[in-house]
Amino acid sequence: MVDIARRAWNHKWKIDPIVRSLIDTDFYKLLMCQSVFRNKPNTRVTFSLINRSKDVPLADLIDEGELREQLDHIRSLSLSRGESTWLRGNTFYGKRQMFRPDFMEWFEKLRLPPYHLERKGDQYELTFEGSWPEVMLWEIPALAVLMELRGRAVLNTMGKFELQVLYARAMTRVWEKIEALRDIPDLSIADFGTRRRHSYLWQDWCVQAMQEGLGTAFTGTSNCKIAMTRELEAIGTNAHELPMVYAALAATDTALAQAPYDVLSDWHDEHEGNLRIILPDTFGTKGFLDKAPDWLAGWTGIRIDSGDPATAAELAIDWWRKRGENPADKRIIFSDGLDVDKIRLLHSQFSGRTNVSFGWGTLLTNDFRRLVPGNRLAPFSLVCKAVEANGAPTVKLSDNPNKAMGPEDEIARYKQVFGVGDQVPLDVIV
């Protein structure tokens, strides 16, 4: 097993690129990329880094030259023969050749497009602009680079023995969490921690710990590279990016109201089974479900990613019943701000009423809270979102107004179109 403390010490010798493969990304990005490649290949989209944690001064902590070096390295990457073979020939969710030959031929030739980096005060402005299928693949590696460089800035101030003790404590914390989950009957949990991980090596260690500690209750990882290396299931479906861009492209309020369903109609044509998971909260869960076409009720399940998770789960169960579906045959995937106590509570509330799964993210792969003085390694809320499509701004409302994004006038318009009333602000837990 890799000695992570020693490798962290050796980061000073630059032996570890932060992102080492184009498939060191989340599985849902590749699934969405294929859908975009098929349905909206000529859409021009701009992605932008957004640091919600303003108290973390990234530009003061991270050297601009080192940041550019890591980003330039990502631009040099292309699929290896083994990675291409894995994507082309592997079985995902019981389906062979999930990725079509025309998409794979395009992906095998891909190099990520240029980036724009500029310092603004104590933060960085990092943007990516180009055709949607190309620029969307910057999101996950860009986040991984910023998160890890911030961590390295702290680790580089520590000595060899400090680093050994730090990682021993962090490993003990992860293992204690795993032990606390072992007694949950019929647990189904996956690693969703790529985008805000401490490091690639640390995510890989956490995945191996979950494999050993939870056995079959651990269903896989969202990280394609780790899934390939560890022979695990690659887990993922779709994300807010799709409805945000489709909505931005809508020419009228009527088309805007229809956009979230147009996304899933296109998805429906491509995928079957477990990939038919609804993410309803982009413009408000209640309004989405109230106006959803009947054919969506036949889908496999729903992922809950903002707001109060129990409230959203009750909405989903009630919606299925009203549409003549049996909630016990459906699946609810919880994926927002999870840690052991919330996982245990939600499992006890909904297990038996529906099939419950968990996508465990930042607090699995980056829980270094209070392990160094000043809490300097605590995870923080960093996102990289599509902010513009064909010149029009994108909007996300969410079930938590603290996660909303977009121009204020457009947020107000979207709230009116989607019938979003008063919302309860909740703390954003990374």
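Details of the structure are given in the entry above.
Not measured: the values here are computed from a predicted model. (Residues numbered from 1 in each chain as written. Predicted model: local features only at pLDDT ≥ 70, side-chain atom pairs only at ≥ 80, totals over all residues. Heavy atoms only, no water.)

Chemist: Give me the nonpolar core: which residues, what numbers.
Modeler: Within the largest apolar cluster, 144 residues are counted, with the highest numbers of intra-cluster contacts made by Leu87, Phe99, Phe107, Tyr167, Phe334 and Trp360. Looking at which element gives the most residues to this core, the answer is helix α8 (residues 139-155), with ten residues. (Core = buried A, V, L, I, M, F, W, Y, C linked by side-chain atoms within 4.5 Å. Buried < 20%, exposed > 50% of the residue type's maximum accessible area, 1.4 Å probe, protein only. Helix = DSSP H or I, 4+ residues; strand = E, 2+ residues; numbered from the N terminus.)

Chemist: Summarise the sheet that holds strand β9 (residues 301-304); cite the residues concerned and give the values.
Modeler: Strand order in the open sheet formed by six strands is β7-β6-β11-β10-β9-β8, with parallel pairing between adjacent strands. Looking at strand neighbours, the two that pair on one side only are β7 (218-221) and β8 (277-278), the edges of this open sheet. Across two bridges, β8 lies against β9 in parallel orientation. Following the sheet pairing, Ile277 is matched in β9 by Gly301. (Pairing = 2+ DSSP bridges.)

Chemist: I'd love a proper account of the pairing of strand β12 (residues 382-389), names of residues and values included.
Modeler: Most of β12 sits inside the fold, with six of its eight residues counted as buried. Looking at chain direction, strand β1 (residues 44-51) and β12 are connected through seven bridges and run antiparallel. Each bridged residue has a counterpart across the sheet, and for Phe47 the counterpart in β12 is Ala386. In textbook terms, the turn of a hairpin is the stretch between consecutive antiparallel strands, and for β12 and strand β13 (residues 392-393) this stretch comprises two residues, one of which, Asn390, has a positive phi near 50 degrees.

Chemist: Would you mind going over the sheet that holds strand β5 (residues 123-131) in detail, with residue names and values included?
Modeler: Reading across the sheet, the five strands line up as β4-β5-β1-β12-β13 and stay open at both edges, with antiparallel pairing between neighbours. The sheet terminates laterally at β4 (115-120) and β13, the two strands that pair on one side only. In terms of strand pairing, β1 meets β5 through five bridges, oriented antiparallel. When the bridges of β5 are listed, Thr46 appears paired with Glu129. Packed on one face of the sheet, α8 meets β1, β5 and β12 and runs near 145 degrees to β12. (Contact = heavy atoms within 4.5 Å. Axes fitted to C-alpha atoms, helices over the stretch in contact; angles between N-to-C directions.)

Chemist: Before we move on, could you go through the pattern of salt bridges and cite the residues and values that matter?
Modeler: In the structure shown here, the tally under the stated rule is 29 salt bridges. Across the pair Asp294 and Arg323 runs a salt bridge, and its minimum N-O distance is 2.9 Å. On the criterion of sequence distance, the pair formed by Asp294 in the loop between α14 (285-291) and β9 and Arg323 in the loop between α15 (309-322) and β10 (331-334) is long-range, its members being 29 residues apart. Asp294 gets classed as exposed once you look at its relative accessible area, which sits at 60%. Each of Arg173, Lys177, Asp339, Asp367 and Arg369 takes part in salt bridges that share partners, so that together they form one network. (Salt bridge = Lys/Arg side-chain N within 4 Å of Asp/Glu carboxyl O.)

Chemist: Outline the packing of aromatic side chains, listing residues and values.
Modeler: In this structure the tally under the stated criterion is 26 aromatic pairs. Centre to centre, the rings of Tyr115 and Trp138 are 6.1 Å apart; their planes meet at 75 degrees, and the pair counts as edge-to-face. Taken together, the residues Tyr115 in strand β4 and Trp138 in the loop between α7 (132-135) and α8 connect sequence positions 23 residues apart. Exposure remark for Trp138: the relative accessible area of 0% places this residue in the buried category. We note Lys40 situated over the ring of Tyr246; from NZ or CZ to the ring centre the distance is 4.8 Å. (Phe/Tyr/Trp six-rings, centres within 6.5 Å; stacked < 30°, edge-to-face > 60°. Lys NZ or Arg CZ within 6 Å of the ring centre and 35° of its normal.)

Chemist: Explain the environment of Asp122 to me, and be specific about the residues and the numbers.
Modeler: Among the secondary structure elements, Asp122 is positioned in the loop between β4 and β5. For Asp122, a relative accessible area of 32% puts it in the partly exposed group. Considering only alpha carbons, one finds Asp122 and Ile140, 18 residues apart in sequence, at a separation of 22 Å. In this structure, Asp122 is in contact with Pro57, Leu58, Ala59 and Asp60, ignoring residues within four places of it in sequence.

Chemist: Before we move on, can you summarise helix α4 (residues 64-75) with the specific residues and values?
Modeler: Taking 1.5 Å per residue as the helical rise, α4 with its twelve residues ought to reach 16 Å, and the 17 Å between its terminal C-alpha atoms agrees with that figure. Turning to α4, its buried residues are Leu67, Gln70, Leu71 and Ile74. Along the long axis of α4, the arc covered by the buried residues comes to 95 degrees, so they all point the same way. Against β4, β5 and α8 lie the buried residues of α4. The N-terminus of α4 is capped by Asp63, whose side-chain oxygen sits 3.0 Å from the backbone nitrogen of Gly65. (Expected span 1.5 Å × (residues − 1). Arc of directions from axis to C-beta. Polar contact = N/O pair within 3.5 Å; in protein donor to acceptor, adjacent residues only side chain to side chain.)

Chemist: Describe in detail the environment of Tyr28, supporting the description with residues and values.
Modeler: Turning to its location among the elements, Tyr28 is positioned in helix α2 (residues 27-39). The class for Tyr28 is buried, based on a relative accessible area of 12%. Taking the C-alpha atoms as reference points, Tyr28 and Asp72, separated by 44 residues in sequence, lie 24 Å from one another. Not counting residues up to four positions away in its chain, the partners in contact with Tyr28 are Glu139, Ile140, Arg195, Gly236, Thr237, Asn238 and Ala239.

Chemist: Provide a residue-level description of the packing of α15 against helix α16 (residues 340-350), including the pertinent values.
Modeler: Where α15 contacts α16, the axes come no closer than 11 Å and their chain directions differ by 25 degrees. Looking at the two axes, α15 sits roughly parallel to α16. As for the relative orientation of α15 and α16, their crossing is right-handed in sense. Between α15, through Pro309, Ala310, Ala313, Glu314 and Ile317, and α16, the contact on the second element is made entirely by Leu346, Gln349 and Phe350. Class assignment for the residues of the contact of α15 with α16 results in six nonpolar, one polar and one charged. (Parallel < 35°, antiparallel > 145°, perpendicular 65-115°, else oblique. Left-handed = near helix turned anticlockwise from the far one by under 90°. Nonpolar A, V, L, I, M, F, W, Y, C, P; charged D, E, K, R; others polar.)

Chemist: Requested: an account of the state of the cysteines, with residues and values cited.
Modeler: Applying the stated criterion to the full structure yields zero disulfides. The thiol sulfur of Cys33 is not disulfide-bonded, and the nearest other cysteine sulfur, from Cys224, lies at 11 Å. Looking at Cys33, the relative accessible area reads 0%, which means it is buried. Here Cys206 is not cross-linked by a disulfide; its sulfur's nearest cysteine counterpart is in Cys224, at 18 Å. Judged by relative accessible area, Cys206 falls into the buried class, the value being 0%. (Disulfide = S-S within 2.5 Å.)

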